[in-house]
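Chain residues, written in single-letter form:
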Amino acid sequence: MWLTPEEQPAKTALKLWVTEKSNDFFLLQRRRGHGDTGGKFTGMLVGALDTVLDSNARVTPFRILLQVPGSAVTWIIASGASLEEVKSHWCWLEVNLLDSLHVFENKEDIASFVNGKIKGLIADESGGQQDPEGSREVAVRLEQRFGLPPCERLIAQLTCCLWKSHVPRQGWLYLTHHHLAFYSYLLGKEVKVLIPWAEVTDVERVCVGRVTEVLRVSSRGRHRDFSMFLDTHDAVATITQLADLTLRTVLPHAGLRTPHTLIHTPLTKRALEEHRLTQEVLCVFGLPRRESVCEVRVCALWTPHLRAHTHGTLYTTHSYLCFSSRDTGVCSLLIPLSEVLSVEKAESSSVLPDPVIVSVRGRRAFQMVGVCERDTLLHALTDRLRTLRWTHAIYKGQHTQHTPTISATPYYTFCYDTDGEADGSQRHVISTRPLISLHQSAMPKHKSALERRKEALWQEHFEEFGRGVHMFRTAHLHKLVAMGIPESLRAELWLTLSDAGSEMAWHPGYYAELVTRSLGEVTVATEEIERDLHRSLPEHPAFQSQSGIDALRRVLRAYAHHNTHIGYCQSMNIVASVLLLYAREEEVFWLLVTICERMLPDYFNRQVIGAQVDQSVFEALLCERVPDVGQTRAECALASVTLSWFLTLFLSALPLASGLVVLDSFLCRGAPAIFQLALCVTHTHTHTLTASTDEGHALMVLSSFLEQVRHDEEECVCLDDGAGPAEHTHITALLKEAYERFGDITATQLEQLRSRHRITVLQSHEDTTKENALRLVTPEVSLSVEELSDLYDFIKTEHLMSVYWGDGVCVSGVCSEGYQLDLPQFKSVYAALSPWEQGLHTDTVARRTFTLLDQSNNNLLTFTQIAHWLDTLYCEDLNVKIKWLYRLHIPPALMDSEDDSSPLKSPLLSTARPLQVDRPNGESGYEGQLK
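**Some thoughts on the overall build of the protein**
Secondary structure assignment for the protein yields 33 helices and 23 strands. Taking all 931 residues of the protein together, 51% fall into the buried category. Sequence-distant contacts, at least 24 apart, represent 64% of the contacts inside the protein between residues at least 6 apart. Per element, the accessible surface of the protein, about 43,600 Å² overall, is 53% carbon and sulfur.

Next comes the structure, spelled out in structure tokens:
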């Protein structure tokens, strides 16, 4: 463990210790006699001396010393009962401190720096047990050092170093609700850094010079490097989360919502960690975004196909049970609570400790053993099941449960009974049929035989791994999906693999209600839908008939009515049209809900933020995994084509049969399948893309390659009979290669990358908003571009301060308008920017100015209106300024209800005649005109 540095003479430090490792600044020592074979007398002697002379080292036979070259003293900074324990501290020193110490010229600076760092590490390790008094002291110091208001909540305090002029400054990093603050006082020099999260543009881990790794926080115009954290991964995750959450809240044009888990929860370090875990679980299992993790238990699940218990982790949410094996890819399981009949505990034994039995529909059951805190878990799940059934009964208008009474002795066996399949096939009966059944001719013999072989393989899979949403999901499932799902099972497996069937079963009749309510609507979304209806698979016979077009119209209109936040976005028509070929309308609607809201969140809003974030993530992965392409100009060309890959799930780039296999894999494995395929396609053409000097040629190469990717169901036709057999790439082989090369890209890794790159994308949108606002205002005013830019930043700062600590409202306006200020915010701007001297009537004049500028009467002023007001006060001639002053003293700026003791208030100024400033000589002055 780390120790508070204790100084001792260097000469006496080595008498009873043996040096095991050493470098320029540190010594790892072992107590003499400890671990020596045959050295019993030496050990007894040293033990006796420990008792008399050195009681502090009696129980720690290993220690680490700081030694400064040429110094007569050393410092004990760490100790341990075992070599493994003290080696972890030694490795940390070598990785984080050793190279940094060479930059110091004064040996006293080295000792002061290391001792301060060790004290910070000790404080970090005990940070979770700080008493309330200590927390309040930290908050008070933060307020005093940086002038932040008391309402600014402190989230975390970390010890680290800020690199300044190639010298590390040991200090404290304070992470608050809205700011990142760093404070250091070392060698008589004070360093303060305060960065609002709203100004952070990137957070990344980079290697700089001799320092192994630093955490770089970039803001507009500069970046700061921090290092030597006790837990760098946790520091990066916390900083990224806070920046992401703040940008979601304060930027009015992002169109993103604050996660529901943090809306009504005080923002603390623990809340951030729980939110991080929830996001990872939602991504791995593809759960609805409304879910949150309730319990986490380590256990072992009985897996019949392995004839053994598989160790892993059980996650419970409000509506699901999720299991993931300890070894990645071995087994996973998803059980909606709507499918659960009972959760019970069985008799514990030495072979099966603390077993739990989960019984589901279809006479199937799952056994978990080694469940810690079993009774607490069972009680929580029982309450959740009761609430879920009660809610479902109310939704269906029923007040009695249709499920069997929970039995104390379950009769279910640990096998799979396919008799329940008939019940599942009748669960979602609707009137419409898949379009492919209406517009398909007789199936060719070779295709029919291939379909039968696939169906046989899937039947074998069902018998071994189960059927339905709670089937065991293993690598065998992924291999079958990559071969292409047979047409007869495609709709069922789409609903099963994506869990869209659970949502459909939970909301019977909801789609029909939406269709009825949306048919008469005329909105922007419905107009866009009508324009895109005939652009959806126009070459397919199903969409050359009115029945196919009407079905697509109903699905898209229903979704636009269901989710008004998204409405309709281009490329949704492509995905929905392909789904309609093999699934019924209601099934397609719920598949579309699952894709847009669970699997690809934020993809299909007005700003397509989610797709842009994934583009940024893809470019980062490209630079890392395919550096030859990622570091060339071909990367710019890729951005224009890969966006459509992600938005349409490759359906617009591949032939239909091949695109269907990609859609199968996506609904099974989620976003990682799309990233892996995109990287594989790029990697396949590395040589061509790097050699290409023309961006158009690079795009043509990729498009041509994807167009010739075929599936077994398609006939490969060669255009030139004499040219030999046509060369085509098989989609299954391409997906297999993508998984083998890039299979280590997981949903968890993608979620972490998205959090970081979302910051960059949101700041890019903010920069675009500012550029649009300046471009619109610049031709209309005499203020310079630099002055307008400073004004925009000042208004933004006032807006953010009000959002942080005031009662201001974050208003979402059009991009050209930028930020909008209410009256209290404008008063602060007026006091800071008005050329008139502050006085008794400043508040009154500010209120009248606001009323006069607010021509739309919405109690908000835009950047354009404020820029025109300042242009009048600073750049117009005297006549215009006096006219403006006159207008401040007449309606509508002057209201009868105004409580003002100004001598200009009574009598009310006449508005029948305008104020003539440029009057001829000899006429009366303004006193006469105002009579």
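**Side note on the packing of helix H16 (residues 546-562) against helix H18 (residues 585-599)**
Put simply, H16 and H18 touch, their axes get as near as 10 Å, and they point 45° apart. Here H16 is positioned oblique relative to H18, judged by the angle of their axes. As H16 runs across H18, the sense of the crossing is right-handed. For the pair H16 and H18, the contacting residues are Ala551, Arg554, Val555, Leu556, Ala558, Tyr559 and His562 in the first and Glu585, Val588, Phe589, Leu592, Val593, Cys596 and Glu597 in the second. Of the residues that constitute the contact of H16 with H18, the class distribution is ten nonpolar, one polar and three charged.

**Concerning the packing of aromatic side chains**
The way to describe two aromatic rings as a pair is by their centre distance and the angle between their planes. All told, the structure shown has 22 aromatic pairs when counted by the stated rule. One aromatic cluster in this structure is built from Tyr510, Tyr511, Tyr559, Phe589 and Trp590. Taking the ring centre of Tyr183 as reference, the NZ or CZ of Arg145 above it sits at 3.9 Å. In this structure, Arg490 packs its charged tip against the face of Tyr582, placed 5.0 Å from the ring centre.

**Brief notes about the sheet that holds strand S2 (residues 17-22)**
One open sheet holds the five strands; their spatial order is S1-S5-S4-S3-S2, and the pairing between them is antiparallel. Two strands bound the open sheet, and with one partner strand each, they are strand S1 (2-9) and S2. Pairwise comparison of adjacent strand axes, ignoring direction, gives a mean angle of 35° for this sheet. Sheet topology places S1 next to strand S5 (residues 73-80); five bridges connect them, and they run antiparallel. Bridge pairing links Trp2 to Ala78 in S5. Helix H3 (residues 83-96) contacts S1, S2, strand S3 (26-31), strand S4 (62-67) and S5 of the sheet and is inclined by roughly 25° relative to S4.

**Points about the nonpolar core**
Of all hydrophobic cores here, the largest spans 177 residues; its most connected members are Leu173, Met572 and Trp645. Here Met572 is in contact with Leu556, Tyr559, Ile566, Gly567, Leu592, Cys596 and Phe604, once residues within four sequence places are set aside. Within the second largest apolar cluster, 31 residues are counted, among which are Leu28, Leu101, Ile110 and Val114.

About the criteria used
Residues numbered from 1 in each chain as written. Predicted model: local features only at pLDDT ≥ 70, side-chain atom pairs only at ≥ 80, totals over all residues. Heavy atoms only, no water. Helix = DSSP H or I, 4+ residues; strand = E, 2+ residues; numbered from the N terminus. Buried < 20%, exposed > 50% of the residue type's maximum accessible area, 1.4 Å probe, protein only. Contact = heavy atoms within 4.5 Å. Areas by Shrake-Rupley, 256 points an atom, 1.4 Å probe, with all protein chains shown as cover. Axes fitted to C-alpha atoms, helices over the stretch in contact; angles between N-to-C directions. Parallel < 35°, antiparallel > 145°, perpendicular 65-115°, else oblique. Left-handed = near helix turned anticlockwise from the far one by under 90°. Nonpolar A, V, L, I, M, F, W, Y, C, P; charged D, E, K, R; others polar. Phe/Tyr/Trp six-rings, centres within 6.5 Å; stacked < 30°, edge-to-face > 60°. Lys NZ or Arg CZ within 6 Å of the ring centre and 35° of its normal. Pairing = 2+ DSSP bridges. Core = buried A, V, L, I, M, F, W, Y, C linked by side-chain atoms within 4.5 Å.

Purely geometric numbers; function is a separate question.
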